[in-house]
Structure formats: structure tokens, C-alpha cells
2 protein chains.
Amino acid sequence: MENEFVKTFSESYAMKGGEGPHSYAQNSKVQRVGIEAAKSLIQKAIATKFDTNTNSTYSRKQICIADLGCSTGPNTFIAIQCIIEAIELQYKSKDLTIPDFQVFFNDHISNDFNTLFKNFPSNRNYFASGVPGSFYGRLFPKESINVFHSSASLSWISKVPKEITDRSSAAWNKGRIHYTNAPKEVVDAYANQYQKDMEIFLHARAEELVGNGLMALQIPAANDVTFHSEFYWGKKFELLGTCLVDMAKEGKVEEEKVDTFNLPIFFSPLKDLIKILESNDDFIIEQMETIDAKSHFIPVNAQMFASLHRAALEGVIENHFGDEILDELFDRYTKKVMEIPAMLDMQNLNVVALFVLLRRKV
Amino acid sequence: MENEFVKTFSESYAMKGGEGPHSYAQNSKVQRVGIEAAKSLIQKAIATKFDTNTNSTYSRKQICIADLGCSTGPNTFIAIQCIIEAIELQYKSKDLTIPDFQVFFNDHISNDFNTLFKNFPSNRNYFASGVPGSFYGRLFPKESINVFHSSASLSWISKVPKEITDRSSAAWNKGRIHYTNAPKEVVDAYANQYQKDMEIFLHARAEELVGNGLMALQIPAANDVTFHSEFYWGKKFELLGTCLVDMAKEGKVEEEKVDTFNLPIFFSPLKDLIKILESNDDFIIEQMETIDAKSHFIPVNAQMFASLHRAALEGVIENHFGDEILDELFDRYTKKVMEIPAMLDMQNLNVVALFVLLRRKV
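Residues numbered from 1 in each chain as written. Chains lettered and ligands numbered in written order. Predicted model: local features only at pLDDT ≥ 70, side-chain atom pairs only at ≥ 80, totals over all residues. Heavy atoms only, no water.

Asker: Just give me the short version of the pattern of salt bridges, but keep the residues and values in it.
Answerer: One pass over the full model with this rule turns up 38 salt bridges over all chains. Here D100 of chain A ties to K142 of chain B by a salt bridge, and the two come within 4.0 Å at their closest N and O atoms. Of this pair, D100 of chain A sits in strand β2 (residues 100-107) while K142 of chain B sits in the loop between β3 (127-132) and β4 (145-151), each in a different chain. Given the relative accessible area of 12%, D100 of chain A is considered buried. (Salt bridge = Lys/Arg side-chain N within 4 Å of Asp/Glu carboxyl O. Helix = DSSP H or I, 4+ residues; strand = E, 2+ residues; numbered from the N terminus. Buried < 20%, exposed > 50% of the residue type's maximum accessible area, 1.4 Å probe, protein only.)

See below:
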């Protein structure tokens, strides 16, 4: 019998832990921009759509909120605070007693929860706990959560599609670590995995939400892209791939290792993502709009650019290659980025965040 | 305004993390003995006293269980499994659908939660999360927990009483690190802190438990002790104190540092502990008995004895002295224990575990 509590839907990826120079805690500015851009959207959406009756139906004294893909902070704390303030406002406006809040911070089991816990805001007004595990599976009891939030995490798929590391498959992704500029078969394998994962994600959350419960998601997607080769954001991964191929040529890493390594990251074309959300039967789409994060972007230099990506990608690279290659790999990456200044031009991006507020049907 | 979510009732102590030779995970055999001895007691108590109606009153679909002072496992998993099996039995015997279980593993924020999470049993049948924070304060929303468990943790007090590190106080505990063989004022200071802490503990849990909710505690206590100097278990701490004093004499650690260091551990005389529990108004005592763990004790040699104590005490010693002194301190300790073989004689103990099952009044 399958055990739903420990189902391994997913390989384990986590942002770099600790507080060091390469840590996610110190390198989450790009994701922070996403949070800041979405803050007023979330606040307004929750303030308008949160149903204070939801809870009394369940005779529960607390409101349970979960952030999925929380990493080690601080972005997760900003989002949670913003949701709690919006809910409190509703209770206050109706002269109702404000309930206790219980917040669940979720990420992969390899996430650095010790650091997350040390970063808990000292002035928080909620009870906090950490929940390790993949969100491509069940994490919470049935009908136990009032509000889910997830930001910038749903572009990580649960696993690299098997066929792209299979020599005998038409989808074998030799000499690349991502689907950018790859054959159609590779792109399709990624897209299929993404769709399967999203369906599993939505189904699991539907089970865990109370009736009328809300889910506020910011999902990275590719905008105005006809061909995946045009997807500018992906070029960053392509460039990182060329560094690995160079290192293989110099014998610093096994070619076989490079051929079997792929980033489990997919930016769905916006229209396909919307189709997945619209075709789901468990949720009503209360609100949906794209976030223009461009105007919030902070200019970065090549060093910072490489550091931001190292924080996000180091875990999955280390898992496959070991940690010896990291410094050299990202040194090479920094140099290549320096040679292509357009890479740093955040105005030039065709990545977008889709903000969607979903309500669980009763 | 005080913030109840981050009230620092307590300094932070935690068992040694990781999986190394000095880790708690590898050195929790003594505590394991306690769990094994109490297992059938807990199982029987929960199976008889758990009220399946408790939950339906609250219209909740899940049973929430929390273990307080969980460390990194595996003892906590044994206790939780035993509680869940007992509850399931009740549901089965009444032909009721078994609800989802949500388990909260709590320990100090300095506990190694990363290791705890990696140790989660792969065959568990519950949703699991970690809750960092001192149990001498609120950890959970009001009326949100059905069953609390705590084993062998309540002998750790929330902090060293201030007066015993105060040169000008009659309770100054110079040249000792514990109350064993200390002046009455020192013992009293410890006992007062313990009583205050226990009251705070019971009050916080009363707020967090649902009406009729249960709390199963195993509390270490001193048995048949008229004078604290006779308390055999304390002699282990006294001996460790002499090692520190020796190191101070040899200039290997500052005398001032030793004078201001005290172990925040108190074994209440059994009758005083029972008085504290009986005088509490929030709970009904459903069951109370002492556990004879002696027959379950595994014989240990001096090396193992020192290792077991290092796993439990290293954190609090390292906090005060830094980690440089640890190896030498416990080498010296091992040698001293070898010179006093009676120290290893577990049959000779006057420490006892009080098992108590408390029911939250409605």
C-alpha cells in the first residue's frame, strides 16, 4: 500500500541554507522583488475574499495558513504578515474577535529549517511551525488549512523527466542542462511533467483546504514566447550549461555527469498555465492577473547575478556533482555573464509572474 | 506589551544535534529506557481515557498530538506511534472512521530540527511538523491540541535562578555547577524556579488543550530523598563540576566562568512534584504512578556513561564555555567515573520517573 505521508513524488531540492555569502537568506532579492510587487495584490485579494464564516463553520478557534516553498526567509515572513494583516482587518471591520493564527512553513526536507527557525521574526503575532516535504503530495490533514500561499516556487518541477536522461530516447538532452534551445521532445517532456505536477499540486491542496478556503499563488511563467528558444530567462541556464560542458572538455568533470544533469525548472508559457488552472474542477478562480515585476527590479552586476543564481541552484548541482565544482563553476559563470551584459538587463525579460487567487469549492 | 508568541521564559538548551558519536540521536539510550518502561502505561492510559467525542465537539477532522522536548529522535517517534495506535484502537472498537493525525514535534529553537526531520520514520501514518520554542510558554493556538506528551524533559528548568550566580547573594553557588551538596539557599532557589516553571507549563498547556484533552507526562524526580546531598543522580553533576574546577586550577578555563556556570536541571523530590500537580485547577489527575526503570537499564561502562551525559549536557556547556573545552572536560570526566565504579551502578539510583495522565477540565 502506498503511504500518502511519505510519498516520494519529488526529488529534493532546496535553496542554499545558512547565512553565508552564498546562502538563500542573503541572496533572495529577485524573489523579494516578486513579493513586494505582489504584496498589495495579496493584501487586497485576501481582504476582499477571505470569508470569516469559513472558520466558524468548522468551529475552529484558529486560522491556519501555510506557505509552500518557504526557504529560510525573509520573503516568506513578509508574505505571511501581509496575509495575516488582511485577515485581521476583516475581523476588525466586523467587530469580531481576532482568532489565533497558526502558520506552517513548508519546504523540502533538505531545506535548512534550523536557519528558518532562527530567522523567525521576533515581533510575530502567530504560532509557527515547519513542515518538511514536497508540495507535490499531501502535507496536511484533510480540511485543515484556511489559506495557502506560494511564491516563485512552482517553477520547480517534482523531478527531471526520466526520458531526457535516457540515451535511447528521442528526448535525450545531451550537452544541455535545460530545455532552452533543446529539441521539441525535450521541451515536451518538461511540459508534460509540469502539467502532471500542477495537477497533483492542485488536487493535494484541494484536499487540505477547508471549504471556501483560499490559495494565493504567484507562478513564474514565460510571456509572449512562441518558441522556447526565444525564452530569455532560460538563456541564463543555457549559459550555465556551457560552463559545465567547458569543464567536461577540460576533464574537470565527467562528460557523462553533465549529460545526465538537468535543472528541474520549467517556466510554462502563460496561456498553457492558465489552461491548467481553468480546467481544474476543485477551485474557483477569484482573481488572476500578471505581475509586472520589471519596475521593481534592482540593477545587479555580474558578481551579484551569479551569486543570486548560485543560492537558488547550488543545492541541485551539489546533489549531482558534489560540492568541489561549485566555486569554479560559478567563477566561470560570472566571467561569461560579464561578456554578455544584456544578460543583466532585467527590462529585457519575458518572464512574468501570474498572480492567482483560487477558492476551494464547498 | 509582551508578545506571547516569542516570550523568552527560557534560555535555550538542546541536546547535541547531528548523527555523530556525541549526538543525542546516538546517545539517548537512557531516555529510551524511560520510553520503553512507560510504553505500555501510555498505551493503556490513552486507550482507556481518550475521548473520541472530544474531537467531534470541535467539529475537527484531525487529531493533533504534540511531543514536548522531542530532540532529534528516535525516542519521540516511539512515543508518538504508541499514542496513535492507542487512539486508533478506540476508533476501531467503536467502528468510527479513523481521523487524520497531525503531530507537532517541539523542542528549543537551538535543537537540530534538520536532523529530526531527516529521521522521520518512513512508514509513519501521520502528518508531521516541527515547532521551535520553549515549552515554558505558549506554543500552540487555544484549544488546538488533543494530546500532549513529554518524556524526561521536565527536569530541565527554564533558566538558572539569577541569585545563584550573584556574588552578593546568600545563594551564590561558588565552585559548584549544581545544587547537589550546595547550601540550602541554592537548593531553594532551584526549587522555586522549578515550581514557577511547572506552573507556567501547566497553565500554557491548559490553554492549548481542547476540553477533555489529555496530557501524558513522564517527569524525572528524586525518590526517598530527605536531603539533596543524598540525591545520588546529582552526584554525576557534582563530579562533572569537580572536573571544571580542576581545569580552572590549571588555568585551562577561567575560574569566574566556572563560578557563573550552573546546570539548569532539577529533580524535584517526588512528594513536592505531586503537590504541584495536585494543586493545579485546570487538570484532573486520571492516573499517576512511578515507573521503575531500573529493571530496564542497560549496563554501561565509563566511556559510554560519559558519552551519554555529553550528548545531553554538551549544548549548555558549549554555550557558556565555548566548544574548545569539551573533549578535555569529558576525558577527565570519563577518568573520574572509572575511579568510582559505584557511579555506574544503575540499581543504586534514587531517581524515579513519575508517570501522570492529566485531563483538561472542560
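Asker: Now, about the relation of the copies chain A and chain B: what can you tell me, with residues and values included?
Answerer: Rotating chain A by 180° about the axis while translating it 0.0 Å along that axis superimposes it on chain B, leaving an RMSD of 0.0 Å. The two molecules are tied by a two-fold rotation axis, judged by turn and shift. When each C-alpha of chain A is compared by its distance to the rotation axis, G130 of chain A comes out closest, at 2.5 Å. Both copies present the same face, since 100% of the interface residues in chain A are matched by interface residues at the equivalent positions in chain B. (Least-squares fit on C-alpha atoms with pLDDT ≥ 70 in both. Contact = heavy atoms within 4.5 Å.)

Asker: Explain the interface of chain A and chain B to me, using residue names and the numbers behind them.
Answerer: Between chain A and chain B, the residue contacts involve 38 residues of the former and 38 residues of the latter. With both sides pooled, the region where chain A packs onto chain B buries about 3,300 Å², and carbon together with sulfur makes up 57% of that total. Remark: the boundary between chain A and chain B carries four salt bridges. Where chain A touches chain B, the interface holds eight residue pairs in polar contact (both at pLDDT 80 or more). Among the elements of the structure, β2, α4 (113-119) and β3 (127-132) of chain A are those that each provide at least two residues to the side of chain A that touches chain B. The element best represented in the side of chain A that touches chain B is β3 of chain A, accounting for six residues. Across the side of chain A that touches chain B, the residue classes break down as 17 nonpolar, twelve polar and nine charged. (Buried area = accessible area lost by both parts, 1.4 Å probe. Polar contact = N/O pair within 3.5 Å; in protein donor to acceptor, adjacent residues only side chain to side chain. Nonpolar A, V, L, I, M, F, W, Y, C, P; charged D, E, K, R; others polar.)

Asker: Give me the lowdown on helix α9 (residues 302-321) of chain A, citing residues and values where you can.
Answerer: All names here are of chain A. For α9, built from 20 residues, the straight-helix expectation of 28 Å at 1.5 Å per residue is missed by more than 12%, its first-to-last C-alpha distance being only 24 Å. Of all 20 residues that make up α9, 14 are buried, and the element is covered over most of its length. Two to three positions downstream of the cap, the backbone nitrogen of Q303 sits 3.2 Å from a side-chain oxygen, assigning the N-cap of α9 to N301. Within two residues after α9, G322 carries a phi angle of roughly 85°, on the positive side. (Expected span 1.5 Å × (residues − 1).)

Asker: So what's going on with the nonpolar core? Which residues, and what values?
Answerer: Counting 157 residues, the largest nonpolar core has I317 of chain A together with I317 of chain B as the members making the most contacts within it. In this structure I317 of chain A touches L240, F261, G322, I325, L326, L329 and F330 of chain A, once residues within four positions along its chain are discounted. By size, the runner-up hydrophobic cluster in this structure holds 67 residues, among which are I83 and A216 of chain A together with I46 and Y91 of chain B. (Core = buried A, V, L, I, M, F, W, Y, C linked by side-chain atoms within 4.5 Å.)

Asker: Break down the pairing of strand β2 (residues 100-107) of chain B for me, with residues and values.
Answerer: All names here are of chain B. In terms of burial, β2 is a largely internal element, eight of the eight residues being buried. Side chains D100, Q102, F104 and N106 project from β2 onto one buried face, and the interleaved F101, V103, F105 and D107 project onto a second face that is buried too. Here strand β1 (residues 62-68) pairs with β2 via seven bridges, running parallel. For A66, the partnering residue across the bridge sits in β2 and is F104. With helix α3 (residues 75-93) bridging β1 and its parallel neighbour β2, the resulting β-α-β unit is right-handed. Here β2 pairs with β3 via six bridges, running parallel. (Pairing = 2+ DSSP bridges. Right-handed = clockwise from strand over helix to strand, strands pointing away.)

Asker: Account for unusual backbone geometry, naming residues and giving values.
Answerer: In this structure, P74 of chain A follows G73 of chain A across a cis peptide bond, with omega equal to 0°. Considering the arrangement of structural elements, one finds P74 of chain A in the loop between β1 (62-68) and α3 (75-93). Phi angles above zero are rare outside glycine, and D95 of chain B is one such case at about 60°. Note on placement: D95 of chain B falls in the loop between α3 and β2. Residue class for D95 of chain B comes out exposed when judged on its relative accessible area of 76%.

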